[in-house]
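Listed here are the chains, written in short residue letters.
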Amino acid sequence: MCYNKLMKTYIVGNWKLNFTVGEASIYLHKLLKAMPNYRDIDVIVAPSTIALQPLSLQVDRHKIKLAAQNGFYRDYGAFTGETSFSQLRGIVDYAIIGHSERRYIFREDDKMVMRKVAAAIRNKITPILCIGETESERTFGETADVIRDQLSGGLSEVGDDDIDKVIIAYEPVWAISSAKSAKLATPDEVADAVALIRKTLKDLYGKAGENVPVLFGGSVNPSNAGAYLTVPGVNGLLVGGSSLILSEFVDIIETAKRVR
Ligand code: PGA
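Residues numbered from 1 in each chain as written. Predicted model: local features only at pLDDT ≥ 70, side-chain atom pairs only at ≥ 80, totals over all residues. Heavy atoms only, no water.

1. Thoughts on the pattern of salt bridges
Here is step 1: Considering all chains together, one arrives at 17 salt bridges under this definition.
Here is step 2: In this structure, the salt-bridge partner of Lys116 is Glu108, at a minimum N-O distance of 2.7 Å. Of the two residues, Lys116 and Glu108, neither departs from the other in class, the shared state being buried.
Here is step 3: Across the salt bridge formed by Lys165 and Asp162, the nearest N and O atoms sit 2.6 Å from each other.
Here is step 4: For Lys165, a relative accessible area of 37% corresponds to the partly exposed category.
Here is step 5: Taking the relative accessible area as the measure of exposure, Asp162 reaches 25% and is therefore partly exposed.
Here is step 6: The network of salt bridges with shared partners includes Asp40, Lys257 and Arg260. (Salt bridge = Lys/Arg side-chain N within 4 Å of Asp/Glu carboxyl O. Buried < 20%, exposed > 50% of the residue type's maximum accessible area, 1.4 Å probe, protein only.)

Structure follows, in structure tokens:
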């Protein structure tokens, strides 16, 4: 069962660099039609930046919410190619921040991630802060240090009053489907990491830290979603590849309803 029955379940589809604006719009149309309105499940999709504005006019926010996959921490200025959280304000409700592809391909460090988390909150956008160790960090026994460092680093500008505006996603880099030799994380491995995340949140924020939703991501699909959703402390899923296939994403949402 979920860590806190009063807490919602979050199912987030991270579309990464996939779908044209037209394809994204057709997918959203079909998803809105296929999906019942589950009050206790927040379904969120994260299209490419270019699709966010048109999709924000199309989406029924009672059913589905939009997330940005990234954003820049300064609100305006000479930052060619960037999109700020102040520009995203009102268009998205959530933003994925610190995804491992941003950290390792685009070299975002904890300081950059920390600034982005703060900028999102400042602009009334809920950050979904992604953390997780690489395969070699796990092999060298550094998993706990990495989790603690990325969590406290990413949250270092977030005060006690704002921690309830944050979502954490645990995504071990070696379990993400695009990793060279992706392996499935076992529910026990997820449980250990999530327990550490919860302990760290409690150490940092006391009681307020207890209500932070923690999601899991890494090769989630319809056949393993139920197992991950029933790991103690897990409040939802961040789904990449499987979220691109409408029937699979709907199946995962229905699984969430069933096991909740
Ligand atoms: P995956 O991606 O489900 O394809 O492993 C998850 C993610 O990178 O957020």
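The discussion continues.
2. Here we look at the sheet that holds strand E8 (residues 236-239)
Here is step 1: Spatially, E1-E2-E3-E4-E5-E6-E7-E8 is the arrangement adopted by the 8 strands of the closed barrel, whose pairing is parallel. Averaged over all neighbouring strand pairs, the angle between strand axes comes to 25°, with direction disregarded. (Pairing = 2+ DSSP bridges. Helix = DSSP H or I, 4+ residues; strand = E, 2+ residues; numbered from the N terminus. Axes fitted to C-alpha atoms, helices over the stretch in contact; angles between N-to-C directions.)

3. Details of the packing of helix H5 (residues 110-122) against helix H7 (residues 143-154)
When two helices pack together, their arrangement is given by the angle between the helix axes and by the axis-to-axis distance.
Here is step 1: Here H5 crosses H7 at 45°, and the two axes come no closer than 8 Å. Classed by the angle they form, the pair H5 and H7 counts as oblique. Residue-level inspection shows Asp110, Val113, Met114 and Val117 of H5 in contact with H7, the latter providing Asp149, Gln150, Gly153 and Gly154.
Here is step 2: Class assignment for the residues of the contact of H5 with H7 results in 3 nonpolar, 3 polar and 2 charged. (Parallel < 35°, antiparallel > 145°, perpendicular 65-115°, else oblique. Contact = heavy atoms within 4.5 Å. Nonpolar A, V, L, I, M, F, W, Y, C, P; charged D, E, K, R; others polar.)

4. So, the pairing of E8
Here is step 1: Burial along E8 is two-sided: the residues Gly236 and Leu238 and Leu237 and Val239 are all buried.
Here is step 2: With 4 bridges joining them, strand E1 (residues 9-14) and E8 adopt parallel strand pairing. Residue pairing in the sheet places Tyr10 in a bridge with Gly236 of E8.
Here is step 3: Bridge count for strand E7 (residues 214-217) against E8 is 3 bridges, and the pairing is parallel. Within E8, the residue paired with Phe216 across the bridge is Leu237.

5. So, the site of the ligand
Here is step 1: The full set close to the ligand counts 13 residues, and Lys16, His99, Ser177, Ser219 and Gly240 are the nearest of them.
Here is step 2: Glu171 has a polar side-chain atom sitting 2.8 Å from an oxygen atom of the ligand.
Here is step 3: Between the ligand and Gly241 there is a distance of 2.8 Å, counted from an oxygen atom to a backbone nitrogen or oxygen.
Here is step 4: Relative to its unbound accessible surface of 280 Å², the ligand loses 99% to contact with the protein.
Here is step 5: Across the shell around the ligand, the residue classes break down as 4 nonpolar, 7 polar and 2 charged. (Near = heavy atom within 4 Å. Polar contact = N/O pair within 3.5 Å; in protein donor to acceptor, adjacent residues only side chain to side chain. Areas by Shrake-Rupley, 256 points an atom, 1.4 Å probe, with all protein chains shown as cover.)

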